[in-house]
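Structural description and commentary
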Amino acid sequence: LLAGITSVACLVAKAREMVIARFPDQVWQGAAIARRIDRGLYQALTEASTPPAPDFKDFVAQPAVEAVDAANGIFQLRPSAREAFLLRWREDPSLKALAARLIGRFANIPDPLDSLALEIVANQTTAESIFGTIYNAADAGFDLAGCEAVLDIVRQRAPLLSSDLRDALAEREQYLAS
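Residues numbered from 1 in each chain as written. Predicted model: local features only at pLDDT ≥ 70, side-chain atom pairs only at ≥ 80, totals over all residues. Heavy atoms only, no water.

1. Overview of a negative patch on the surface
Taken together, the side chains of Glu128, Asp164, Asp167 and Glu171 present a region of like negative charge at the surface. Sorting elements by how many residues they give to the negative patch places helix H10 (residues 163–177) first, with three residues. Topologically, Glu128 is positioned in helix H8 (residues 124–140). (Patch = residues over 30% accessible without salt bridge, like charges linked within 9 Å, V, L, I, M, F, W, Y side chains within 5 Å. Areas by Shrake-Rupley, 256 points an atom, 1.4 Å probe, with all protein chains shown as cover. Salt bridge = Lys/Arg side-chain N within 4 Å of Asp/Glu carboxyl O. Lys, Arg positive; Asp, Glu negative; His and termini not counted. Charge placed at Lys NZ, Arg CZ, Asp CG, Glu CD. Helix = DSSP H or I, 4+ residues; strand = E, 2+ residues; numbered from the N terminus.)

Right under this line is the structure:
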């Protein structure tokens, strides 16, 4: 267990890996690509887990997870954790398949920001269209917070962005800053 541990930092990293390993990769992948995670999404991500995944309450107690609205059971990955997981799996084709499966499973996603988050992984052409639509609507309504929210969704998935989506993000960031 302690083989190869040469410092406190190595020990902390090893402990973090052990905690993360308690949950199937698909849970961390789903949490990284989705905007938010709740009990329903967690169950969708763990329904086929063998052995069974730990309970949702154990997942949301992880240091990589933070509450968005704990009273309503809505959580998200901390930005640093999201980035680390996306960097780890950015070349993994199962990430795109998982995003497509979640889009199909939750076909009537009411919040377009949630759709955008998944489409960035599943279909960047569709994501670029959704991004433009949401951003332009917020801009037309002089909703600066809405514009920032859309930009944040795209920024948080920077390791996965195509050059077109990266250009669209840069263009809108520059527009908002002016």
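Still to come is the rest of the account.
2. Let's talk about the packing of aromatic side chains
The description of an aromatic ring pair uses the distance of the two centres, along with the angle that the planes make with each other. Per the counting criterion, the structure on display carries nine aromatic pairs. Between Phe23 and Trp28, the aromatic rings sit 5.8 Å apart at their centres with planes inclined by 85°, giving edge-to-face as the arrangement. Using a relative accessible area of 3% as the deciding quantity, one classes Phe23 as buried. Take Trp28: its relative accessible area is 1%, and that puts it in the buried class. Relative to Phe59, the ring of Trp28 lies with its centre 5.0 Å away and its plane at 50°, an arrangement referred to as tilted. Here Phe59 lies in helix H4 (residues 56–60) and Trp28 lies in helix H2 (residues 25–33), a separation of 31 residues in the sequence. Of the two residues, Trp28 and Phe59, both sit in the buried class. (Phe/Tyr/Trp six-rings, centres within 6.5 Å; stacked < 30°, edge-to-face > 60°. Buried < 20%, exposed > 50% of the residue type's maximum accessible area, 1.4 Å probe, protein only.)

3. Some words on the packing of H2 against helix H5 (residues 79–89)
Packed helix pairs are characterised by how far apart their axes lie and by the angle those axes make with each other. Packing of H2 against H5 brings their axes to within 9 Å, and their N-to-C directions diverge by 115°. As for how H2 packs across H5, the hand of that crossing is left-handed. Residue-level contacts link Asp25, Trp28, Gln29, Ala31, Ala32 and Ile33 of H2 to Arg82, Phe85, Leu86 and Trp89 of H5. In the contact of H2 with H5, the residues fall into seven nonpolar, one polar and two charged. (Axes fitted to C-alpha atoms, helices over the stretch in contact; angles between N-to-C directions. Left-handed = near helix turned anticlockwise from the far one by under 90°. Contact = heavy atoms within 4.5 Å. Nonpolar A, V, L, I, M, F, W, Y, C, P; charged D, E, K, R; others polar.)

4. Here we look at unusual backbone geometry
Phi at Phe142 is positive, roughly 55°, even though this residue is not glycine. By secondary structure assignment, the location of Phe142 is in the loop between H8 and helix H9 (144–155).

5. Focus on the nonpolar core
Trp28, Ile33, Ile37, Phe59 and Leu77 are the most contacted members of the largest nonpolar core, which has 31 residues in total. For this core, the secondary-structure elements that each account for two or more residues are H2, helix H3 (39–46), H4, strand E2 (74–77), H5, helix H6 (93–105) and helix H7 (112–122). No other element matches H2, which puts five residues into this core. Apart from the residues lying within four places of it in its own chain, the contact partners of Phe59 are Phe23, Val27, Trp28, Ala31, Ile37, Tyr42 and Val65. Within the second largest apolar cluster, 19 residues are counted, among which are Leu113, Leu116, Ile120 and Phe131. (Core = buried A, V, L, I, M, F, W, Y, C linked by side-chain atoms within 4.5 Å.)

6. A look at H6
The periodicity of an α-helix, 3.6 residues per turn, causes residues three or four places apart in sequence to face the same way. An ideal rise of 1.5 Å per residue puts 18 Å on 13 residues; H6 measures up with 18 Å between its terminal C-alpha atoms. The set of residues buried in H6 consists of Leu95, Leu98, Ala99 and Leu102. One side of H6 holds all its buried residues, which, seen down the axis, span an arc of 100°. Of the exposed residues in H6, the ones pointing more than 90 degrees away from its buried face are Pro93 and Gly104. Residues of H6 that are buried in the fold lie against H2, H3, H5 and H7. (Expected span 1.5 Å × (residues − 1). Arc of directions from axis to C-beta.)

Function cannot be read off these values alone, since they describe shape.
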